[in-house]
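Take a look at the letters that make up each chain.
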Amino acid sequence: MTNSDVSRMLYEFAEMMDLRGEVFRKNAYSRAAKGVAELDQDIRELAEEGQLQTIPGVGEGISLVINEFIKTGKSDKLEELRNEFPAELTELMRIPDLGPRKIMLLHRELGISTVEELKRAAEQHRVRHIKGFGEKSEANILQGIKMLEKFGHRMLLGDALSLAEAIVAHVRSHDIPLITVAGSIRRMRETIGDVDILVGTDTPERAIDAFISYPFVAEVISWGEGMTIVRMSDGTQADMRIVPPDSYGAALLHFTGSREHNVRLRRIAIQKGLKLNEYGLFDMDDVNLIAGKDETVIYESLGLSFIPPELREDRGEIEAAVSHQLPQLITLSDVRGDLHIHTLMSDGRATMREVAQEARRRGYEYVGLADHSKSLGIASGLSEDDLLASVEQAHHLSEELDFPVLRGAEVDILEDGSLDYSDDVLEQLDFVIASVHLRFKMGRKKMTKRLLTAMSNEYTTILGHPTGRLIGRREGYALDMDKIIEGAKDHRVVLELNGFSDRLDLDDLNSRKAKEQGVMVALASDAHGIEQMENINLAVSTARRGWLEPRDVLNCLTFKELQTFLER
Ligand SMILES: [Zn+2]
Ligand SMILES: [Zn+2]
């Protein structure tokens, strides 16, 4: 039982309370879930000491729930709620803009409990007659369902990764040391079908018992020594494969994929008179095992450099591995700062000081603040006066903390491509991120021109989340990306790779294109709170999928180099 398990359980409670329309309790559970997630102490210790109520958001009632959960691995109250609200209903919450209140209304008035039923009702125009809905919201619902269908039953990488890591930690704690996440999560694809986990052990029963006792397993679909499949309470399917330790590396290779990559490897094996399958690398008569335990040794035995999982898509990595010319992929420790962070001054939740302290704690050499600009009312954009005052404050803070705090801004790109602050103001900032947040719907030509105009502004440093997509919710705006990359090169503008789980924008392919054209990329957390500075991890993963090396990335520069770059 880890802190993240407890936090996950409390979030599920919050979701159920939301469906029940109990806003107050929903907020209480969310607060508690967040409090637990941010603990730096093991929650089991706190429970033992009777100190659960020292966690922000945890009162007496919730502390009882946590205690029961830690002792028994479940919560009776949660089980009751799960029965009250079928999983299909929570599925409806995935439709953009359809909140719990509306879902319950549809459920009561029209008996709708599945996406399919809702689609039919909307198509037959039965939704528009319900109080609180109209023609417009009916059309929005249909549009939302269309997005959901296109996205399929896929999860965002960020969600899948945290679930998979929690399961792995749970099973590992039952004395199963050889275990890892496999499949497309290990390759860090931006969306994930189901969670794949691989175990190497000679005691499969113990691993299976541990797996199905994970608190969020709602149903065991099938189980056996080879593979066990379960469904989680949120509907996610997780598969655990078990192999003998001697085959662990070969199985890991096989179940990490991609299929295309593996097909190529098997072909190389055959050319060498060998045979590769999920049990190992053998000589042709299937007698002698050449390699199997260790993935790296299998690559070596095939005459290849080890290929990092993020590259295994048959996009040229095999050729590069044959000639030992794979890129030296960027890692988290190469990142020296984060330049896209919002503070309390606009719609962020942390003060400048808190951001700076967290940046130092993460081992960065500098940090950059980028609040929204004045036109963005919904995100409390800063007036010119407030912004300029904050430049001053940031520089004082730098001196006081002896840690560079750069003052920039995330400036809106207006409809005609001009920026939302005057040049006089922009000139006084350390850097400028130019982003589109409003008026997405324009033709491809016009939008491309709008961004090119913004990049031609001499103060623009970085183009923020360049395509504007929100994975599973909104397509990127119509855009000629080749022209944008060309423009970035001409104007020496850096393109952002935004690490928000539903953005990952630029994506892997466009990041690689930028690199090939000699355009730098900036990895960004776009954090609106301290905890979101963690988003940088997903930016790094996506950058790795885009073949980026430290030298391709703006915030891998040392502070000195960055200063030179910004002064130009
Ligand atoms: Zn933005
Ligand atoms: Zn932002």
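Per chain, residue numbering runs from 1 following the sequence as it is written. Whichever chain is written first is A, and whichever ligand is written first is 1; the rest continue in order. Where local features are concerned, this predicted model is filtered to residues with pLDDT of at least 70; where side-chain atom pairs are given and counted, the filter is 80 or more; whole-chain, interface and lining totals use all residues. With hydrogens and water excluded, all non-hydrogen atoms of the structure serve as input to the side-chain values.

1. Some points on the coordination of the zinc ion (ligand 1)
For Na, K and Ca the donor cutoff is 3.2 Å, while for all other metals N, O and S atoms count as donors only within 2.8 Å; water does not appear among the atoms, so some sites may look incomplete. Coordination of the zinc ion (ligand 1) by the protein is provided by Glu410 (OE), His437 (NE2) and His465 (NE2), with metal-donor distances spanning 2.1 to 2.2 Å. Donor residues for the zinc ion (ligand 1), ordered by position in the chain, follow E-x26-H-x27-H. Between the zinc ion (ligand 1) and the zinc ion (ligand 2), both coordinated by Glu410, there is a metal-metal distance of 3.4 Å. Taken together, the positions of Glu410 in strand E13 (residues 405-412) and His465 in the loop between strand E15 (462-463) and helix H21 (481-491) put the pair 55 residues apart, joining distant regions of the chain. The burial state of Glu410 is the same as that of His465; both residues are buried. Only DSSP runs of H or I reaching four residues or more are called helices, and only runs of E reaching two or more are called strands; each is numbered from the N terminus. Think of it in three bands: with a 1.4 Å probe and only protein chains considered, a residue is buried below 20% of the maximum accessible area for its type, exposed above 50%, and partly exposed in between.

2. Remarks on the pattern of salt bridges
A pairing counts as a salt bridge when a side-chain nitrogen of Lys or Arg comes within 4 Å of a carboxyl oxygen of Asp or Glu. Using the criterion set out here, one finds 40 salt bridges in the structure. The shortest N-O distance in the salt bridge between Arg361 and Glu358 comes to 3.0 Å. With Arg361 and Glu358 both in helix H17 (residues 352-361) and three residues apart, the pair spans about one turn of that helix. Taking relative accessible area as the criterion, Glu358 reaches 10% and is therefore assigned buried. For Lys515, the salt bridge identified is with Asp552, shortest N-O distance 3.1 Å. Here Asp552 lies in the loop between helix H23 (536-545) and helix H24 (559-567) and Lys515 lies in helix H22 (residues 508-516), a separation of 37 residues in the sequence.

3. Some words on unusual backbone geometry
Residues other than glycine predominantly adopt negative phi, and peptide bonds predominantly adopt the trans conformation. A cis amide bond links Gly257 with the next residue in sequence, Ser258, at an omega value of 0 degrees. With respect to the helices and strands, the residue Ser258 is situated in the loop between helix H13 (248-256) and helix H14 (259-271). Residue Leu506 is bonded to the preceding Asp505 through a cis peptide linkage, with omega at 5 degrees. For Leu506, the location among the structural elements is in the loop between strand E16 (494-498) and H22. If you check the backbone angles, Asp314 has positive phi at about 55 degrees while not being a glycine. Within the fold, Asp314 resides in the loop between helix H15 (295-301) and helix H16 (317-322). Residue class for Asp314 comes out partly exposed when judged on its relative accessible area of 30%.

4. Let's talk about the coordination of the zinc ion (ligand 2)
Protein ligation of the zinc ion (ligand 2) involves His340 (NE2), His342 (NE2), Glu410 (OE) and Asp526 (OD), the donor distances falling in the range 2.1 to 2.2 Å. In primary sequence terms, the donor set of the zinc ion (ligand 2) follows H-x1-H-x67-E-x115-D.

5. Topic: the environment of Glu68
Secondary-structure assignment places Glu68 in helix H4 (residues 60-72). Note on Glu68: relative accessible area 24%, which makes it partly exposed.

6. Overview of the sheet that holds strand E8 (residues 274-277)
Being paired, for any two strands, means DSSP has found at least two bridges between them. Spatial ordering of the open sheet is given by E8-E9-E10, a layout of three strands whose pairing is antiparallel. One side of each edge strand has no neighbouring strand; the edge strands of this open sheet are E8 and strand E10 (289-291). On average, each strand axis in the sheet is inclined to that of its neighbour by 35 degrees, with strand direction left out of account. Whether two residues are in contact is decided by their heavy atoms, any of which lying within 4.5 Å being enough. The convention used is that axes are lines fitted to C-alpha atoms, helices contributing only their stretch in contact, and that angles between N-to-C directions extend from 0 to 180 degrees. Sheet contacts for H14: E8 and strand E9 (280-283); angle to E8, the most-contacted strand, approximately 155 degrees.

7. A word on the nonpolar core
Only buried Ala, Val, Leu, Ile, Met, Phe, Trp, Tyr and Cys residues count toward a nonpolar core, and they belong to the same one when joined by side-chain atoms within 4.5 Å. If you look at the biggest cluster of nonpolar residues, it comprises 82 residues, and the most contacted ones within it are Leu10 and Leu118. Those residues in contact with Leu118, other than ones at most four positions away along the chain, are Leu92, Ile95, Leu98, Leu106, Ile112, Val127, Ile141 and Ile145.

8. Observations regarding the side chain of Asp480
Looking at the secondary structure, you find Asp480 in the loop between E15 and H21. If near-sequence neighbours (up to four positions away) are discounted, Asp480 is found in contact with Arg444 and Thr448.

9. Observations regarding the packing of aromatic side chains
For this analysis, a ring pair means two rings from Phe, Tyr or Trp (six-membered ring only for Trp) whose centres lie within 6.5 Å, classed as stacked if their planes differ by under 30 degrees, edge-to-face if by over 60, and tilted for the remaining angles. Enumeration according to the criterion identifies six aromatic pairs in this entry. Taken together, a centroid distance of 5.8 Å and an interplanar angle of 15 degrees make the contact between Phe440 and Tyr477 stacked. Separated by 37 residues along the polypeptide, Phe440 in the loop between strand E14 (431-435) and helix H20 (444-456) and Tyr477 in the loop between E15 and H21 bring together distant segments of the chain. Among the residues examined, Tyr477 registers a relative accessible area of 9% and is labelled buried. An aromatic cluster of three or more residues is present, and its members are Phe69, Tyr214 and Phe216. Note on criteria: charge over ring means Lys NZ or Arg CZ within 6 Å of the ring centre, with the direction from the centre no more than 35 degrees off the ring normal. The aromatic ring of Phe440 is capped on one face by Arg474, whose charged end is 4.1 Å from the ring centroid.

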